[in-house]
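A closer look at the structure
In case you want the letters, here they are:
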Amino acid sequence: MSNTEKGGLHRVRNFLSCRQVLNLLTMLGFMLNYALRVNLTIAIVDMVQTNETSSGNATLTGNGTALNGTASPDGVDVNEERFPWDSYQTNFVLGCFFWGYILTELPGGRLAELIGGRRVFGHSMLWASLLTLITPLAAHINYVVLIVVRVVLGFMLGASWPAIHPVAAVWIPPMERSKFMSNMMASSLGAAITMPICGYLISVAGWASVFYLTGAVGLLWSLAWFTFVYETPATHPRITAEERREIEEAIGTSTSKKRPSHVPWGQLLCSPAVWAIIICHGLAVFGFFTVVNQLPTFMSKILLFDIKKNGLFSSLPYLGKYVMAVASSYLADYLRKKGTLSTTATRKLFTTFALVIPGLLMIVQVFLGYDATWSVTIFSLALFAHGAVTAGYLGNGLDIAPNFGGTIFGLANTLSSFGGFLSTWMVGALTYKDNSFHSWQIVFWILAATYISGAVVFAILGSGELQPWNNPPERVKISDINQEEGVPLKNEK
């Protein structure tokens, strides 16, 4: 390396630490993670035939779909294929994502603990981006082909969320982990940005364009991730000795120097603290996924927003959620560092706030949700409050067992995946024959009950204490190759 190159590298290291680069790419990764998921929730509004299309103002193709020639507000003619799906079929397409998603949650978390979160998280996003690019082709071929693509997309993205916990366990000091976990809520920021962009793209270039854009950006992110992120500080070629030492000394022995070769399943599954995370996450995400998947449809069918307003106003709650996630995470870490609150008290306080407030707001939505202004305000406030889960239960697995954070979150997200499919089925069943505000009132009552129940469970069972089974005795000898990434930084010359 020339002196000029070395000088440039030195300036980059002074500008951004390796942890800051990791934080930035993790934030962008979760933004794209949700963009790859929610692009369909807004595009599907324009993918399905309207009554006008069905009545004959369109050319039918060989497979029964309709080819529309429409003019956008900008004067651009958009010829696109629309599909004769009813409410049940539409919700089925949205919900089938979770069939694949549920299969890789637990294996993905455990795999990341064994081979490293960088590889698991990076490859899940890479393949999901490629599948997003072929989604329009799949829809044009056949309804079943589209379902298969969505299932495989879920299969790939399912491993991404639990995979980030093993990354945090080896890279992020314990008192900074709430802030790092707030990067996961960048998924909401991704949804907030994706929705208005999707609305605009659909109006000028057709619904297929949103899949091409999000898929291409996902490929670019994958390239950056594999270039700048490494499994551990010990294997990073650009990290400074000071940063490596700081990370090593802060983490100490809470994260094992060697990756545990087995999971103490008996102790893990008998731990009330683990079940507090699993149950709370399942109930909370049931509510969140219902809003994520159904908010665009509710605003289109009940509040009668056009596609541009749909994208703009649907994005507002997600912006609020991300702001709360970052603010509450910084506050939580501050309170813990100062000793004002214990980790247990901090997790319970923020979890209660993040779930009880949305539950109460869903009750308000039952009575005021027929008004567009009230509805947007209530959803925005509900998701704003829900963002505090990053300071609550979301990173709690790293408190109680950092060596098995991926496994614990994989279990929790598996249950929440059932809830994700159940929520889309529930809305489809309730609105199939009667897509009225009265039917949606039932949905809001169910959401209120699930949110509040999650808070109660965590308040009773939750804990922030490191569990004794976090460092189980090894059953087998681990080869030196497998141990390499766990070598303490301070012991290396």
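Keep in mind it's a predicted model, so treat the numbers as computed, not measured.

Focus on the packing of helix α17 (residues 343-368) against helix α21 (residues 437-461)
The description of two packed helices rests on the angle between their axes and on the distance between the axes. Closest axis-to-axis distance for the α17/α21 pair is 8 Å, and the angle between their directions is 165°. On the basis of the axis angle, α17 is roughly antiparallel to α21. Helix-helix and strand crossings are classified by hand; for α17 and α21 the assignment is left-handed. Along the lines of polarity and charge, the residues of the contact of α17 with α21 split into 19 nonpolar, six polar and two charged.

Re the confidence of the model for the protein
Overall, the predicted model of the protein reaches an average pLDDT of 81, with 82% of residues at or above 70. Note on residues 4-9: pLDDT under 50 across the span, and three contacts to partners over four residues away in sequence or across chains.

A look at the packing of aromatic side chains
Overall, the coordinates contain 17 aromatic pairs when judged by the stated rule. With a centroid separation of 6.1 Å and 40° between ring planes, the pair formed by Y34 and F288 is classed as tilted. Remark: F288 occurs in helix α15 (residues 272-301) and Y34 occurs in helix α2 (residues 18-47); sequence separation between them is 254 residues. Comparing Y34 with F288, the two get one shared label, buried. Where F437 meets F444, the ring centres are 6.5 Å apart and the plane angle is 55°; that geometry is what we call tilted. For F444, a relative accessible area of 2% corresponds to the buried category. Counting every residue linked through ring pairs, the aromatic cluster contains F30, Y34, F121, W161, W221, W225 and F288. Sitting above the plane of the F288 ring, K321 keeps its charged end 3.3 Å from the centroid.

Quick look at the pattern of salt bridges
A complete count under the given rule lists nine salt bridges for this structure. We note a salt bridge from R19 to E246, for which the minimum N-O separation is 2.9 Å. Taken as a pair, R19 in helix α2 and E246 in helix α13 (residues 241-251) lie far apart in primary sequence, 227 residues in all. Among the residues examined, R19 registers a relative accessible area of 10% and is labelled buried. Residue E246 is classed as partly exposed on the basis of its relative accessible area, which comes to 40%. Residue R119 is joined to E231 by a salt bridge in which the shortest nitrogen-to-oxygen separation is 3.1 Å. A residue pair is termed long-range when its members are at least 10 positions apart, and R119 in helix α6 (residues 117-133) and E231 in the loop between α12 (208-228) and α13 qualify at 112 residues. Members of the salt-bridge network, linked through shared partners, are K179, D333, R336, R347 and D399.

Conventions adopted
- Per-chain numbering applies: the sequence of each chain, read as written, is numbered from 1 onward.
- In keeping with the model being predicted, local features are shown solely for residues with a pLDDT of at least 70 and side-chain atom pairs are shown and tallied solely at 80 or more, while totals for entire chains, interfaces and linings include all residues.
- Hydrogens and water are ignored here; the side-chain numbers use all heavy atoms of the structure.
- For every element, the axis is a line fit to its C-alpha atoms; helices are fit only across the contacting stretch, and the angle between N-to-C directions ranges from 0 to 180 degrees.
- A run of DSSP states H or I qualifies as a helix once it reaches four residues; a run of E qualifies as a strand once it reaches two. Both are numbered from the N-terminal end.
- For this classification, under 35 degrees means roughly parallel, over 145 means roughly antiparallel, 65 to 115 means roughly perpendicular, and everything else is oblique.
- Working rule for handedness: look at the near helix, and if it is turned counterclockwise from the far one by less than a right angle, call the crossing left-handed; if clockwise, right-handed.
- Under the scheme applied here, ten amino acids are nonpolar (Ala, Val, Leu, Ile, Met, Phe, Trp, Tyr, Cys and Pro), four are charged (Asp, Glu, Lys and Arg), and all others, including Gly, are polar.
- Confidence of the predictor in every single residue is expressed as pLDDT, which spans 0 to 100.
- Residue contacts follow a heavy-atom distance rule, with two residues in contact if any of their heavy atoms lie within 4.5 Å.
- Paired rings are identified among Phe, Tyr and Trp, the last through its six-membered ring, by centres lying within 6.5 Å, and are further divided according to the angle between planes into stacked (under 30 degrees), edge-to-face (over 60) and tilted (the rest).
- Buried residues are those whose accessible area, probed at 1.4 Å on protein chains only, stays under 20% of the maximum for their type, while exposed residues exceed 50% and partly exposed ones sit between those limits.
- By the criterion adopted, a ring carries a charge over it if an Arg CZ or a Lys NZ lies within 6 Å of its centre and within 35 degrees of its normal.
- Any Lys or Arg side-chain nitrogen found within 4 Å of a carboxyl oxygen on Asp or Glu counts as a salt bridge.

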